[in-house]
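# Coordinate analysis (summary)
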Amino acid sequence: MRCEPICLYINVPLWLKFYDSYVNYIAPVLLIAICSLTLLLRFIKQKQRIQQAVLWRHCRKITFQLVLVSSAYNIFDLPSILISIVQTSGYPTFASNIYSPFLTRMTLVPSIILAKSILCLVIHTYILLYDTETSDSTQYAYCIYWMTDATMKYCIRTNLSEIFDLDISNDCFDGSERWLFHDAIQHNISPSHVLTWSSSIELADRYAGFYYNDYLVINQKEFVCNCKLPWTFGPRCEFELLHGTVTFEDAIKFQFKQKENDRWGMQRHGEILCYQTIVECDYGLLCLDWRNICDGEQQCMNGTDENNCDLLEFNECEENEYRCVNGMCIAEEYWLDGNDEQRTKDTIFCPYTSGSFQCEESLCLRQQWSCGDGQCIWGFYRLSYKRDAKQYCINLREFNYICEIHPNIDLWSRSNGLCWNLNGYVDIRNMNNEHLSNASKCIYLIRCALSNGFEYHCPCNENNCSSIMPTLYINIKCRGFLGKTVEDIGLNVKDRYKLDRFPLIDHLFCNHDEIIRDNQSDVQYHHSCWNESLTFNNQSYAFVEICNKSYECISQYRIGDDYSDCGEDGNDLLMNNVNICSKLQKYRFQCSNDQSTCLPVRALGDQKKDCNNRRDEFIDGIHEPLAEIECKYRNDYGCRFLKDYINLDSHFNYTNGSSVSFLDKQILTFRSYCDTFWDLPFHFDEVIENCQQWICQRHQYQCQTGQCIEYDWFCDGEWDCPDASDEQAAHLNSKQTCRKRNKQQPFVRRCNVTIEYPCLLAHVDNPLNIDLHRPCINLTQIGDGREDCYGGLDEKNTLENCDGSMLGPSFRCQNQECFDFESLCDQQISHSCKDPILCFHRSQNESCSDKMDVLCLNDILYNHPYSVRFVICLSTEDEVQELGLWFYPIYFDFLPSFRLVTVLKFPTWYKNITLDPCMNNNIVCPNNSICQSIFNHKYPSFVCSCQSGFYGNNCENFDSNCSSYCLSNALCKPLGRGEMTNINNPLCICPLHHFGPHCYLHHDECHSQPCRNNGTCLLTSDPSGQRLFVCNCSADYHGDYCEKNKFTIEINLNMNHHALASIVQLYDIRPYDLYLLIQYQQVMYDIPVSIQFHLSKPIAPALGILKLYDLSFNFQYYILYIQDNEMSININTTPKHCLRITTTKTSVFDYHLLCRDNTELLCFHDNNYLCICEQNHTRVDCFGLDSSIDQCNYCFFNGKCLRGDTKNSDDFLCLCQKCSHGQLCEFTTYAFGFTLDSLLANDQLIIQIIYICLVSFLSMFGLLTNLCSLAVFRRPQQRKVTAGNYLYSVSILNQCALLFLLLKFIHIIGGFTWHYHVNLISCKIISYLLFVTTRATFWLTSWITCDRLHIVLFPSSTLFKRPNTAIRITIITLIIIAIMHIPDIVYTTTSNNKCIINFEHPLISLYNRFNTLLHYLGTFTIQTLSITILIILVARSRKRVTGDEKNFLQMFKTMFNTKKELYVTPIIIVLSAVPQTILSFSLSCSELFIWQRHILLPAYLLSYAPQILGFILFVLPSKGYRIEFQKTKLARTFV
């Protein structure tokens, strides 16, 4: 009996029936309703954010439609639900006649509505379409930008003869809405909203012009289309995204996904993008990629693709540029930034990767073949007919037009070059086509032969086509002639071998005996390789004749660059005694002085030995492999490491036996000890005695010698342990054995492999006589340091190779040369070390002839050059101002093979009044033009740039379009669009917040304040519209809209220590070498109570360290936390102190024992490592630590500079020595070390102004007294004597000193801080001249007293009585004092606009104090002694002449009273300096309080009393000078 479906419910419980109805009917409807309401609430909550992402009005519409759809589900599904409930309640036939035919179909209606709503409403995006205004010469138009790792521009391209004419209708397509401009304005539709209609930038911009400017007259017929369907776009919505996608990004990605899913569909329906700039290129069937231009291989007949490539091949770069291997110059900042000169290049992902700059714009290595889409294959796989190839282009470009040579699949070349893989293909280019040329017939028959008759009409297959083929001829450009064929030429076996190894076959053709050499042809390479030519920067071609067989013209920079440019002739690999790399040395790697190589970065670690000392493969030739050093992005560890490695090579002279080590400057990773690899000189890191106490990691195998290896290496057939305890001798060290591998050894029948190792014996007469010399040694003899096996097989992990590395699979010959076993017996390699013993089996057995068998015994447009200019403008809301430009002439006419790569920098002379040519008023530009500086020229230069709207050689023409086309305050540049698109209209450079071709559109994305939590909205220039602004978030937030709280680290410290400063360091751990990578660093005085960090990454750093500095500037480490993979950290902790270990007392090999012997020890450190004991204290892990990462050098007077944030150069603090202070320790408190800056610079402005007024008053008073002195001493009577000349000079110097004193105070208050160099120069000059003039007056007054004493001692002498003598002595004095104060001008600098005298060496500081005392005490002593001696001599003379009855003492007193005014000057000089001297010594090396500073300042000013009181000191005390003063005009007028 057949059961009806209703029978399935028999005996089913009623609750289960209701459950079924609920799950299948009610629950989905309720779920849709709840989700819709939730979505609505979310939209309301995040309205502000959505207003930026998409229009709020549009989102609100979508939300309500979703709610309507869910309601439709309820309405249309309700009858069905009710009937189902009734039927399951016991009435199975209720309404059964209408349920199936009607109600079930009714339930499908809301599903259809929902699908349409999602497609048409929910996923609506818009596309910004550019360049829709075309002209007759348009090269491209209708462009879309897409932002990936670079800005990608997708356009419709045409040939030069084609004209864009896509205005095919005055209506809108695909159901889009047509809006007249005036209607849209009446409905107040904003231009920003029009942009979302996916029409075009140009139309939206024109609409904005009318929308924002009421005075413009609207064309009543002008309209814009609103593309309603999300996949349509264009001025008339005439374009459509394919594959059902709704965003341009999805369309591109889907297209690349299709390539991956349907490889042959790409061949059947795709097209090839070819390089077509070279018009006259007879390349046969080959489609050129831009990477084929100037690649050294001729693709075009007559080599037109290599024309003028010598300009690039021999190009010379500037000093600050990096020269690529192909001759292109890039800014040195781009060298080793993770993009160029990659050593390994995995490009297999490129055909399936959309918009990758790395794929689209990268070159293949020189041994590789370009697939045209970024993928590269090795060149010898390119022509793989009848042989297997390990690499294919995914897009089969190597088979374009020659698909028939595919070795595994029968294919046929379509007319467009792509491959057809389906049988029965009919090609109209068959033999039945009477219009087919002989050449085409030949090609057709070749295809039939190669494809085994794959095409439907093929008259032959691979066996019988040659008889009906015509003969073709080819031409190849050779050095000094054009090579031609007249008949078939063949390649012998040797030539084919060369072809396999060296894909560049031009030289094989040019050197062939059967070609015709046309020496008179213009089509040829220069016979002498242009060696008399000059580059564009007037340098000689760097050419050396090196290719002795192939005669290739290559730059000398290719010599020794890891690639044989001479084909089979390898002479370019090495050229001794020639410094071929002198200009590129800092970018190229030289193996040693004995081996002059010029290796680019990609040759380092490429698994190919170029250096005899192996320094190109291993660090210093013996350490870690260079292949493991990855350079991923600029300034990462790998890039910096490689730069340092190459730079060190360029500064040191290495030899093959050099002991200079790069790792002397590096930290050897802790796990590199006892790892079986030699990393340190003398193999110190692998000494067996030291490694016996080493502890391996849990996942490692420990050799019997103590070294550690990976378990995967155990019994893998290769000795890793020195004693082979991981292979043959494994059972001596563990219970495991390698029996299966041991049975595969030679001589297993003669040796007991359980206790013996089979090998030919060393140190015997004939090792091959195995009957006499049993080929077995005891396993314990392996790795004992004694060579027991022939060739050192038993000591290959203990003996050294010729280059100092481990012997390994090498053989040391008697002539001390070393060769790998692989090449030792290779007949094709010529060397003097073919060992007859190891190679005996090959010579005696022809069946064993493979080279590896020896291992069986062991293990542009028109005119060139053209130029590119970058003009930089300053845009404000009111105007656009040109600031200057960078000008780059382009001498190479094969773009895009040549690229302009540079870094735009402002020169140091920009805006310099003296150097900037445009700051010089002598520059006269024509009318309607302004001067603009050229920033990238070596010497300052300029051009005259036309003002807005003007053009022509002298800016004599005006483009009337500029009056109407551009916004009124935009900068209009006629002819500024170039020659590629829309040259009929000018280029408009928009003011701030404007964009579009006319600049009418507004950037109003930030008006709605989309950035949350006090984030700042910053506009971008993203032409794709994907990211029109970015949010600069505050410290606590991150995310696109600053909507996310940053993860935080909060640590509360429980410490009772005291420290001068503390540094908190958070580190991540680099897994492969356990090096600590700083992530966050914070510096502060004392010890903080709590620490807080806001993380920009989702995972917190794994290790937290506290570093404390004590009074002696010594530091100690403390562990804050050790937590891995935590998103946030909030702990209270007492940091654990880490002991400091000195390696002189404790060896690195004992570090494991420190943890095992001290269970309380958590951590310790030395100069290189921070070590943390494992939890069970069985072993320790030591992490590479740069203890100087917190160091800086911004502090003065030997202050300790501690850095905080490593990315912020301004985040640091200074710990000052005892006698210095200030933010930078810039002020010293040594005796006589106080300066005006240290005393006054930190005071309030009002106090500084008071002192300025005081000094101004003193200067004016000094000016009055010094003018009176000058009036006296400039009189002819006074100038006749030396004293008068001295005092005349003193009066002048006094006033100069007061002037410089006033300037010094003005400088302190900030009078010269508007420019750094002006501030620095003024700081040096003013202080220096102040010292010189002040102290010169002291010495000149001393010479006056000396002069008077000289007159008394030698009254008849006239030597010092001449007036000119005083002038000469004055000049000499000034020169000597100026020399004595040279350290002041040398060591004076500025910091924070303050003058600082920083004597870096203690001896210089001591000299400064001595110099100061000398000028004060020395002059005082000279004057006092001279005056005293003078009085004594005069008193004695008077007594002798007059015969006075007074004794000498009475006479001395009398004379002293008469001449006592002579003591006034020295006493005032000393007394004026006494307060400053006393205070300087008493307050020396102490921190000054405010009142102490304001006592020192008046004392400092008091020391200038001699300069202020010159008239009182020199004139008033002398009766004669007073009389002379009364005779002056000044006295008669004012006194």
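Each remark here, short or long, concerns the structure printed above.
Presented here is an overview of the structure given in this document. (Residues numbered from 1 in each chain as written. Predicted model: local features only at pLDDT ≥ 70, side-chain atom pairs only at ≥ 80, totals over all residues. Heavy atoms only, no water.)

### Topic: the pattern of salt bridges
Between side chains of opposite charge, pairing is possible as soon as their charged atoms come close. Short version of the rule: Each salt bridge in this description consists of a side-chain nitrogen of Lys or Arg and a carboxyl oxygen of Asp or Glu lying within 4 Å of one another. Only DSSP runs of H or I covering at least 4 residues are called helices, and only runs of E covering at least 2 are called strands; the numbering of each starts at the N terminus. Accessibility here uses a 1.4 Å probe with only protein chains present; expressed as a share of the type maximum, an area under 20% marks a residue as buried, one over 50% as exposed, and anything in between as partly exposed.
Tallying each qualifying case throughout the model produces 25 salt bridges. A salt bridge links E177 to K228, with the nearest nitrogen and oxygen atoms 3.6 Å apart. Of this pair, E177 sits in strand β3 (residues 177-180) while K228 sits in the loop between β4 (223-226) and β5 (232-233), and the two are 51 residues apart along the sequence. The exposure class of E177 is partly exposed, given its relative accessible area of 31%. On the basis of relative accessible area, K228 is assigned to the partly exposed category, the value being 34%. As a salt-bridge pair, D1073 and R1070 come within 2.8 Å of each other at their nearest N and O atoms. Through salt bridges with shared partners, one network takes in R671, R698, E1174, R1179 and D1181.

### With respect to the sheet that holds strand β14 (residues 481-484)
Basically, it comes down to this: Only strands joined by at least two bridges in the DSSP assignment are considered to pair. Axis angles are defined between N-to-C directions and span 0 to 180 degrees, where every axis is a line fitted to C-alpha atoms and, for a helix, only to the segment in contact.
Ordered by their spatial adjacency, three strands build an open sheet running β13-β14-β15, and the pairing between neighbours is antiparallel. Strands at the two margins of the open sheet, each flanked by one partner only, are β13 (475-478) and β15 (516-518). Ignoring strand direction, the axes of neighbouring strands in this sheet form an average angle of 30 degrees. Pairing of β13 with β14, which is carried by four bridges, proceeds in the antiparallel orientation. Within β14, the position partnered with I476 by the bridge is G483.

### Section: the state of the cysteines
Each disulfide consists of a covalent bond between the sulfur atoms of two cysteine residues. As a reminder, the rule being used: Disulfides are defined as cysteine sulfur pairs within 2.5 Å.
A full pass over the atoms with the stated rule returns 33 disulfides. With its sulfur 1.9 Å from that of its partner, C478 forms a disulfide with C510. Disulfide C478-C510: the torsion about the S-S bond is -85 degrees, which places it as left-handed. Here the residue C478 occupies a position in strand β13, and C510 occupies one in helix α15 (residues 506-510), the gap between them amounting to 32 residues. In this structure, C478 and C510 share a single accessibility class: buried. The partner cysteine of C1006 in its disulfide is C1017, sulfur to sulfur 1.8 Å. Since a negative S-S torsion denotes a left-handed disulfide, the C1006-C1017 link at about -70 degrees is left-handed. Residue C1006 is found in the loop between β31 (1001-1002) and β32 (1016-1019), and its partner C1017 is found in strand β32; the two are separated by 11 residues along the sequence. With relative accessibility at 19%, the residue C1017 sits in the buried group.

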